[in-house]
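Summary of structural features
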Amino acid sequence: MDTRRTRFGQRMGIGLKIALLAWSVTLVTLLIFVAAIIPEQKHIFIENLDSKGRGIAVSLQDVAAGALVTEDYSTVVDHCLQLLKGDPTLSYLVLVRMDGYALTIDPSGWHDDQLDGTWRPAERRERSGIETRPLFRKRVFHYASPLNYSGGIEWGWIHIGLSLDSYERSVAKVYARTAVLAMICVLVSAAVSAGYARRLVRPIGSLQEVVRAVARGQLSARADIRSGDEIESLAHSFNGMTAGLQHRNRILESVRFAAQTLLSTDDWRTVIDEVLAKLGQSASVGSAYIFENHIAPDGALLCSQRYEWIAPGGAASLPPSTWQNLRWHGAGLDSWVEIFQQGEFASAHVRELGEAERAVIDPQVKSLMLMPILVRGVWWGLIGFDQWNQEREWNDAERDSLKAAADMLGAAIERKRTQDALLEAKQTLEQRVQERTRELQEQMSAKARAHAALAEAQQSLVEVSRRAGMAEVATSVLHNVGNVLNSVNVSITLVHHRLRRSGLRDLEEALAILRAHESDLPRFLTSDPRGQSFLNFLSQLTEHLATENGWVRDEVKSIMRHVEHIKEIVAMQQSYAQVSGVREMLSVSQLMEDALHINATAFQRHGVELERDYETVPALLLERHKILQILVNLLRNAKEALIEGRKEKRIVRLRIARHSDQWLRISISDNGIGIAPENRRAFFSTASRHERRGTDLACTVEPLPQRKWEEA
């Protein structure tokens, strides 16, 4: 039930509440009036009966005073009967002596009785009231008065009974009239309360309609109420509030416009006049302006007005030169410097400022508000509003809008600086790319010259071989040179592949991306994910090109070493060829070292470790070039077995030892794949055989009596 009452109370309109309240007050007042007037009317009726009883008692005392003393009761009875006949409201008359003897007279007759003490009260004073007397068995207004004679001698009591019919009819009429009047008052008060409530609620309804219009976004709606009471004051306050909301909305719209305009342009200076005009118009100020700080040649901090907007119809009183190169320190503006450097705003009425501060302010200005512009936390300048011709208190919305405009302008200035730095970096980068491209081109030209020199060296070697007088010497030379040329060819192939995968292609793609985004390069470098990683990419590309350049130089040096090695081989083979077919005393260990020297490059490239075990043996009578050719081929085969075996640790063991008093054993072993058992006998057969592998020349092995071979 409480919930239903609460909901009902919430659904009741204020008009109904006022009407019910006024009606309730009227009803309560009416009830109080009725409760007061009816008892008063009844009291008046009782007083009338009391007055009538007192009058009858006085008339009886005058008649009965003497008769009762002489006990002439007939005179008294006659007088009483006359009274009863003349006044129908009289119900009875009783005269009682002090001893209880009583004369009782009523409309039916009279008689004497002996009455009890209730008819003779001990306290002798007048008594009256509505009551029922058992003697007469009816409800009457009973009046009792002491009866005295001869100067106060107490004789007895006079009792008078008055009928209540007239009293009850009068009381009934009072109730009826009061009920009718109360009903009329209730109806009239209900109508008056409803009308009064409607009159009171009508302004509230008008105000409610305006509130609904404002809630729908119609901030121009106004409440026109002239009730002359608090509701009219409330309407004025509400109109002021809607005007403030409309003003705040204009300010927010100007801030949104400023943000959109400053963020959509690359150079804030091209749109700042339009932004200032929008901000000034929305704030309804006389002028809006921007000052920029700069440093004087002597190091002093100056400020100059860069941009200004003045409301239509207005004009500055002071010339524009007044606000150029103003010194913050020494011109009475020191107190503002500390405020602005902390990023706080300043607002004041001009009349409250000092003389030095008023000297640099237009005389038309009455109030001003200044907001610092910070760029990366450094005070760049300020933006301000001036109110002309009247003083003004700046509200929070205006301060917040100016703060937002200052922050956005600081961000735009910072973005412009970043953009200029990126453009400068782009130009520097293009210059560095061109220089690096030129260096790479020079390196490629050097490589081409090296290839040409190598080709020329190869041709020279061919010519030397062709001029050799002996076929065996020429074959050995070509074989050994071919081994070294393999290394040279591998190096050249690696250089070729590395140049094909050079970072120049990535550099060209990077330049293509920059040219594709040349129109929106700042946004691309700051907002696009690829652009944000572009500087990191260029750094990595530079490191890659530097590494590649170092690697190419090392390979070119390796090729040059191979060329020198080829020259040494040619010179060595020429010396051997001069004694071809001639036996001479030679050191076997020296021949082994010469063979190793010919294959040294291949062993180093493939990471082959050499283990030597040479016994001291005397020199032997041998053909130099044949023994050397055999050793070179065996070392080459060991190297190929190691490559095919693909072991992490590649080892070749060289051993020279006596086999007997007449024989010398030269052992070359490796930890490669070895020779299959089914091929060993054929490989070491006594028949002469020729073999060609790749670019290697044939190797001839001549059988020796009872010769033993040892392989890994």
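Our structure is the block above this text.
Let us look at the structure shown here.

Here the focus is the overall build of the protein chain. If you tally the helices and strands in the protein chain, you get 17 helices and 17 strands. Long-range contacts, defined here as pairs at least 24 residues apart, represent 63% of the contacts in the protein chain between residues at least 6 apart.

Let us look at the nonpolar core. In a soluble, globular protein the nonpolar side chains are often hidden away together inside. Grouped together as the largest cluster of nonpolar side chains are 34 residues, with contacts concentrated most on Leu93, Leu95 and Ile160. For this core, the secondary-structure elements that each account for two or more residues are α2 (14–69), α3 (73–86), β1 (90–97), β2 (101–106), β5 (138–149), β6 (153–162) and α4 (165–215). Broken down by element, this core gets its largest block of residues, 10 residues, from α2. Leu262, Ala288, Ala311 and Leu402 belong to the second-largest nonpolar core, a separate cluster that totals 33 residues.

Another aspect to go through is the pattern of salt bridges. Scanning the model with the defined rule gives 20 salt bridges in all. Residue Glu593 is joined to Arg612 by a salt bridge in which the shortest nitrogen-to-oxygen separation is 2.9 Å. Of this pair, Glu593 sits in helix α15 (residues 588–605) while Arg612 sits in strand β14 (residues 608–614), and the two are 19 residues apart along the sequence. On the basis of relative accessible area, Arg612 is assigned to the partly exposed category, the value being 46%. Taken together, the shared-partner salt bridges connect Asp50, Arg54 and Glu126 into one network.

Bringing the environment of Leu252 into the picture now. Summarising the element assignment, Leu252 is placed in helix α5 (residues 230–263). We classify Leu252 as partly exposed; its relative accessible area is 49%. When the C-alpha atoms of Leu252 and Ala404 are compared, they prove to be 9.8 Å apart, with 152 residues separating the residues in sequence.

In this section: the sheet that holds strand β17 (residues 664–670). Within the open sheet, the three strands sit side by side as β14-β16-β17. Their pairing is mixed. Pairing within the sheet leaves two strands with one partner each, and these edge strands are β14 and β17. Within this sheet the neighbouring strands show an average axis-to-axis angle of 10 degrees, counted without direction. Summarising the sheet, strand β16 (residues 650–658) and β17 pair through seven bridges and their orientation is antiparallel. By the bridge assignment for β17, Val652 is matched with Asp670. Relative to β14, α15 is tilted by about 175 degrees, and along the sheet it contacts β14, β16 and β17.

Let's shift gears to the sheet that holds strand β10 (residues 346–349). Ordered in space as β9-β8-β7-β12-β11-β10, the six strands form an open sheet in which the pairing is antiparallel. Both edges of this open sheet fall to β9 (326–327) and β10, since each of them pairs with a single strand only. Across the sheet, helix α6 (residues 272–283) is in contact with β7 (287–295), β8 (301–310) and β12 (378–388); its angle to β8 comes to roughly 70 degrees. Helix-sheet contacts for helix α7 (residues 334–341) involve β10, β11 (365–375) and β12, and the interaxial angle to β11 is about 45 degrees.

Moving on, we get to the packing of aromatic side chains. The description of two aromatic rings rests on the distance between their centres and on the angle between their planes. Counted by the stated rule, this structure contains 10 aromatic pairs. Between the aromatic rings of Phe45 and Tyr167, the centroid separation amounts to 6.3 Å while the plane-to-plane angle is 90 degrees, which identifies the pairing as edge-to-face. With a gap of 122 residues between them, Phe45 in helix α2 and Tyr167 in helix α4 connect regions that are remote in the sequence. Judged by its relative accessible area of 17%, Phe45 falls in the buried class. According to the relative accessible area criterion, Tyr167 is buried, its value standing at 10%. For the pair Tyr92 and Phe136, a centre-to-centre distance of 3.9 Å together with 10 degrees between the ring planes defines the contact as stacked. Pair noted here: Tyr92 is in strand β1 and Phe136 is in the loop between β4 (127–133) and β5, with a separation of 44 residues, a long-range link. Each member of the pair, Tyr92 as well as Phe136, is classed as buried. Taken together, the ring pairs in this structure connect Trp328, Trp336, Phe340 and Trp379 into an aromatic cluster. Across from the ring centre of Trp119, 4.8 Å away, lies the NZ or CZ of Arg133, which sits over that ring.

Moving on: empty space enclosed by the protein. On inspection of all chains with the given rule, the structure shows four cavities of 30 Å³ or more. The space that makes up the largest cavity amounts to roughly 300 Å³. Forming the walls of the largest cavity are 21 residues, and the residues nearest its centre are Tyr289, Phe291, Trp323, Val360 and Ile361. Mapped by element, the contributors of at least two residues to the lining of the largest cavity are β7, β8, β11 and β12. Tallied by class, residues from the lining of the largest cavity come to 16 nonpolar, two polar and three charged.

The rules we used
- Residues numbered from 1 in each chain as written.
- Predicted model: local features only at pLDDT ≥ 70, side-chain atom pairs only at ≥ 80, totals over all residues.
- Heavy atoms only, no water.
- Helix = DSSP H or I, 4+ residues; strand = E, 2+ residues; numbered from the N terminus.
- Contact = heavy atoms within 4.5 Å.
- Core = buried A, V, L, I, M, F, W, Y, C linked by side-chain atoms within 4.5 Å.
- Buried < 20%, exposed > 50% of the residue type's maximum accessible area, 1.4 Å probe, protein only.
- Salt bridge = Lys/Arg side-chain N within 4 Å of Asp/Glu carboxyl O.
- Pairing = 2+ DSSP bridges.
- Axes fitted to C-alpha atoms, helices over the stretch in contact; angles between N-to-C directions.
- Phe/Tyr/Trp six-rings, centres within 6.5 Å; stacked < 30°, edge-to-face > 60°.
- Lys NZ or Arg CZ within 6 Å of the ring centre and 35° of its normal.
- 1 Å grid on protein atoms, 1.4 Å probe; cavity = no way out; pocket = protein on both sides within 12 Å on 5 of 7 lines; lining within 4 Å.
- Points joined across faces, edges and corners; volume = space filled by probe spheres on them.
- Nonpolar A, V, L, I, M, F, W, Y, C, P; charged D, E, K, R; others polar.

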